[in-house]
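What follows is each chain in one-letter form.
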Amino acid sequence: MSELLLIVALLALGPVLLAEGLLARYELMIYALGRRAPAATLPPEMPYARGADPARPPDAYLVYLDGIGKRRFTDTRDGGQLVKAILAGAPELRVLGQIQPYSPLADPLAGRPVWDWLRRHIGITLFLHNVMQTFVAADRRYRPLYNQAVGAQIADQLRLAGYDSTSGIPIVLLSYSGGAQVATGAVEELFNQLRAPLWLITLGGFHNGANDLTHALHLYQLTSANDRIERMGTRLFAQRWRLWRTSAWNRALAAGKITVHRLDPATHVGPHSYISPTARLADGRSYLDRTTETVIEIVRRDCTQKTR
């Protein structure tokens, strides 16, 4: 019976996945051909950054790259809770959360008539779209162009938020789930454009390990033994395997550029996720509190102090 249900599910989703795969590549090709320029300006009510007073340099700029639920300029529910908690706990930072990691054209899904209709009638297609974009970003045929597109998008938004490439202020890319594929891919383009000190923090990061981290000063991997999604990524992508010693990920490991922080027993999603405000540790803190404190500690202890 279970096998029959699986076959039925695959038959139902197969055409949708095929369509999503074609649409994901279509947007990247539109970017490559220059038929449409990536969106740079935000809606009038949306700030380019929140947090530290723009009149004085912040200690760091933190760019949050959300998971596959991202479909508008504002953050997803869980991602929004994390960003708000970081802003409350570290007012010395300027935080950007508007980046569209799953759109080379920096175009949110929300507001597109077709996608608004699909959200009301077949909501899963929104997630499938962003899932397929993650795999396009990981595909060796499209990865360089995708990395360039989103790296340029982040650089543009940082400039609009007041970033001065001569300041030497550190930039921290905080990514959740599939956002890690985009964050690791954006490093080279960001460095080429801004020459800034770059630090990465991945939270349950799902990525293929193929992106060059030469220009990243360090990557902090926040993970849990109960995170099945992240574990799936380490098994799915050969360049995350220890046997592939020359992969970008394993070269970074060998260079001592990756530090693992355990956030057990958190899960990737759900009521016990890294960003859960209700799940509690033995000391009374919520999982959201612990994740927030870990991120802020890393930024203050390592990213800002070591670049001064």
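Summarised in this report is the structure supplied together with it.

### A look at the environment of L222
(1) Moving on: Relative to the helices and strands, L222 is located in strand 6 (residues 216-223).
(2) Moving on: On a C-alpha basis, the gap between L222 and T291 in space is 8.4 Å, while along the polypeptide they are 69 residues apart.
(3) Moving on: Ignoring anything within four residues of it in the chain, the contact list for L222 reads I201, T202, L203, G204, E230, H261, L263, Y274, T294, V295 and I298.

### Observations regarding the nonpolar core
(1) Moving on: In terms of nonpolar packing, the biggest core is built from 36 residues, with V63, I154, L158, I171 and L190 touching the most fellow members.
(2) Moving on: Counting only elements with at least two residues in this core, the list comes to strand 2 (60-65), helix 4 (124-138), helix 5 (143-160), strand 4 (171-176), helix 6 (179-194), strand 5 (198-203), strand 6 and helix 8 (248-254).
(3) Moving on: Looking at this core element by element, the count peaks at 7 residues for helix 6.
(4) Moving on: Contact partners of L190, with chain neighbours within four places excluded, come to G151, I154, A155, L158, L173, R195 and L198.
(5) Moving on: Within the second largest apolar cluster, 31 residues are counted, among which are L62, L82, L87 and L174.

### What to know about the pattern of salt bridges
(1) Moving on: Counted under the stated rule, the structure contains 7 salt bridges.
(2) Moving on: Among the ionic pairs, D156 bridges to R159, the shortest N-O distance being 3.3 Å. Residue D156 and its partner R159 are both found in helix 5; the two are separated by 3 residues, about one turn of the helix.
(3) Moving on: On the accessibility criterion, D156 (33% relative accessible area) is partly exposed.
(4) Moving on: Residue class for R159 comes out partly exposed when judged on its relative accessible area of 37%.
(5) Moving on: Linked by salt bridges that have partners in common, D283, R285 and E293 make up one network.

### A few points about the packing of helix 5 against helix 6
(1) Moving on: Direction vectors running N to C along helix 5 and helix 6 enclose 65°, while the axes themselves pass 7 Å from each other. As helix 5 packs across helix 6, the resulting crossing turns out to be right-handed. Residues R143, Y146, N147, Q148, V150, G151, A152, I154, A155, L158 and R159 of helix 5 touch helix 6, and the partners they reach there are Q181, V182, G185, A186, E189, L190, Q193 and L194.
(2) Moving on: Its residues assigned to classes, the contact of helix 5 with helix 6 comprises 10 nonpolar, 6 polar and 3 charged.

### Some words on helix 5
What sets the pattern is the α-helix's 3.6 residues per turn: residues three or four places apart point alike.
(1) Moving on: Compared with an ideal rise of 1.5 Å per residue, which puts 18 residues at 26 Å, helix 5 spans 26 Å between its outermost C-alpha atoms and is within 8% of the ideal.
(2) Moving on: Within helix 5, the full set of buried residues consists of R143, Y146, N147, A149, V150, G151, A152, Q153, I154, A155, Q157 and L158.
(3) Moving on: Directly after helix 5, the chain includes G162, whose backbone phi takes a positive value near 105°.

### As for the packing of aromatic side chains
(1) Moving on: Scanning the model with the defined rule gives 2 aromatic pairs in all.
(2) Moving on: Between Y61 and Y163 the ring centres are 5.1 Å apart and the planes differ by 80°, which places this aromatic pair in the edge-to-face class. Of this pair, Y61 sits in strand 2 while Y163 sits in the loop between helix 5 and strand 4, and the two are 102 residues apart along the sequence.
(3) Moving on: Aromatic pair F206 and F237: ring centres 5.6 Å apart, planes at 70°, arrangement edge-to-face. Note that F206 is positioned in the loop between strand 5 and strand 6 and F237 in the loop between helix 7 (228-236) and helix 8, a separation of 31 residues in sequence.
(4) Moving on: Taking the relative accessible area as the measure of exposure, F206 reaches 8% and is therefore buried.
(5) Moving on: On the basis of relative accessible area, F237 is assigned to the buried category, the value being 14%.
(6) Moving on: Positioned over the ring face of W249 is R240, at 4.7 Å from the centre of the ring.
(7) Moving on: It is R290 that lies over the ring of Y287; its NZ or CZ is 5.3 Å from the centre.

### Some words on the pairing of strand 3 (residues 93-96)
(1) Moving on: Every second residue of strand 3 is oriented toward a common face, with L93 and V95 on one face and R94 and L96 on the other, all of them buried.
(2) Moving on: Pairing geometry for strand 2 and strand 3, over 4 bridges, is parallel. Opposite A60, over in strand 3, you have L93 as the bridge partner.

### A short note on the sheet that holds strand 4
(1) Moving on: Taken in spatial order, the 7 strands line up as 1-3-2-4-5-6-7 in an open sheet, and their pairing is mixed. Each edge of the sheet is formed by a strand with only one pairing partner; in this case those strands are strand 1 (50-51) and strand 7 (258-262).
(2) Moving on: Where strand 4 and strand 5 come together, 6 bridges link them in parallel fashion. Residue pairing for strand 5: I171 is matched across the bridge by L198.
(3) Moving on: Against the sheet, helix 5 makes contact with strand 2, strand 3 and strand 4, and its axis sits at roughly 135° relative to strand 2, the strand it touches most.
(4) Moving on: Along the sheet, helix 9 (residues 287-304) makes contact with strand 2, strand 3, strand 4, strand 5, strand 6 and strand 7, crossing strand 5 at roughly 165°.

Quick notes on the rules
- Residues numbered from 1 in each chain as written.
- Predicted model: local features only at pLDDT ≥ 70, side-chain atom pairs only at ≥ 80, totals over all residues.
- Heavy atoms only, no water.
- Helix = DSSP H or I, 4+ residues; strand = E, 2+ residues; numbered from the N terminus.
- Contact = heavy atoms within 4.5 Å.
- Core = buried A, V, L, I, M, F, W, Y, C linked by side-chain atoms within 4.5 Å.
- Buried < 20%, exposed > 50% of the residue type's maximum accessible area, 1.4 Å probe, protein only.
- Salt bridge = Lys/Arg side-chain N within 4 Å of Asp/Glu carboxyl O.
- Axes fitted to C-alpha atoms, helices over the stretch in contact; angles between N-to-C directions.
- Left-handed = near helix turned anticlockwise from the far one by under 90°.
- Nonpolar A, V, L, I, M, F, W, Y, C, P; charged D, E, K, R; others polar.
- Expected span 1.5 Å × (residues − 1).
- Phe/Tyr/Trp six-rings, centres within 6.5 Å; stacked < 30°, edge-to-face > 60°.
- Lys NZ or Arg CZ within 6 Å of the ring centre and 35° of its normal.
- Pairing = 2+ DSSP bridges.

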